[in-house]
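Below are the chains, spelled out letter by letter.
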Amino acid sequence: MFHPLKVTSIQSPNADAACRQITRYLGEQLGVAAEFVGDVTWQERERRLDAGEIHLGWICGLPYVHKVDTARLPLELAAAPVMRHPRYRQQPVYFSDVIVHRDSRFRSFADLRGATWAYNEPHSQSGYNLTRYHLATLAEYSGFFGRVIEAGAHLTALEMVLDRRIDATAIDSTVLELELAARPQLGGQLRVIDTLGPSPIPPWVVSKNIAPPFREAIRQALWQMHATPAGQAILSEGQILKLVRVEDRDYDPIRKMAQLASQVSW
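None of the values given here were measured: they were computed from a predicted structure. (Residues numbered from 1 in each chain as written. Predicted model: local features only at pLDDT ≥ 70, side-chain atom pairs only at ≥ 80, totals over all residues. Heavy atoms only, no water.)

(A) Focus on the pattern of salt bridges. Using the criterion set out here, one finds 21 salt bridges in the structure. For Asp-69, the salt bridge goes to Arg-255, with nearest N and O atoms at 2.6 Å. Here the residue Asp-69 occupies a position in helix α3 (residues 61-69), and Arg-255 occupies one in helix α9 (residues 252-261), the gap between them amounting to 186 residues. Residue Asp-69 is classed as partly exposed on the basis of its relative accessible area, which comes to 30%. Between Arg-87 and Glu-177 there is a salt bridge, and its shortest N-O distance comes to 2.9 Å. Here Arg-87 is found in the loop between β4 (75-83) and β5 (93-101), whereas its partner Glu-177 is found in helix α6 (residues 173-182), with 90 residues between them in sequence. (Salt bridge = Lys/Arg side-chain N within 4 Å of Asp/Glu carboxyl O. Helix = DSSP H or I, 4+ residues; strand = E, 2+ residues; numbered from the N terminus. Buried < 20%, exposed > 50% of the residue type's maximum accessible area, 1.4 Å probe, protein only.)

Below, the structure is given as structure tokens:
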């Protein structure tokens, strides 16, 4: 007998709609009550997931490796999305798009020396870790940007670019694509001047506090979602091609990036 399922997302809020639909789909497929926890902050969602109060969550790859390597939390991989856009080449990866205002003088990442930069928050692979890793590969260990501020969220950083409060930021490519689909006018107000990555895409993780047969049923339902008309329609709404199996070693690139990025001071 399977128990009620609690699901959440610790991705950008523009992914919540698709995640709610995925939650409903899982409930129908598994024959259980399924609740999407979305009425609290992302920090509270994460706390509940870590505590086992939420059973399934979509989280960033950087927190995933920290949770299993350092915090030793009882979480394991369930699935990872493969996005529909051809740029992802049907692989569970994503990028960080470096954006500036359309009227900005900046044309490449190299032009950003001395610029005002914002990152979303320090537990983000796409907005924080990957940028510092990129700077490390350039042997730019400190002082590259003139000023660095924490925006708190990808979409907040995007609005700061639009308002010209900052010069540039790195946005999760899937977040940017969803926002451009919802607000097509943004395409005329922003420019992508560089793309960093790819990185292993944020995975869905499941709590080990629920029984192994239930965990396996959840995985199977996610992996087969694209093969059902209802599942395919939900995934397409979120610009997802399918959800696939991933292993812990698939996130080793993030571990390696974090080691190098740790040498960089803003």
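Still more ground to cover, so stick around.
(B) Seen up close, the sheet that holds strand β6 (residues 116-119). Spatial strand order, β7-β6-β8-β5-β9: five strands in an open sheet with mixed pairing. Either end of the sheet is taken by a strand with one partner, and the two such strands are β7 (147-150) and β9 (190-200). Along the sheet, successive strands turn relative to each other by an average axial angle of 25°, direction set aside. Looking at chain direction, β6 and strand β8 (residues 168-172) are connected through two bridges and run parallel. Bridged to Ala-118 within β8 is Thr-169. (Pairing = 2+ DSSP bridges. Axes fitted to C-alpha atoms, helices over the stretch in contact; angles between N-to-C directions.)

(C) Spatial organisation of the sheet that holds strand β3 (residues 56-58). What the six strands build is an open sheet, ordered β2-β1-β3-β10-β4-β11; its pairing is mixed. With one partner strand each, in any of the chains shown, β2 (34-36) and β11 (240-244) form the two edges of the open sheet. Sheet twist, expressed as the average angle between the axes of neighbouring strands with direction ignored, equals 20°. By the bridge criterion, three bridges tie β3 to strand β10 (residues 204-207) in an arrangement that is antiparallel. Paired with Trp-58 across the bridge in β10 is Trp-204.

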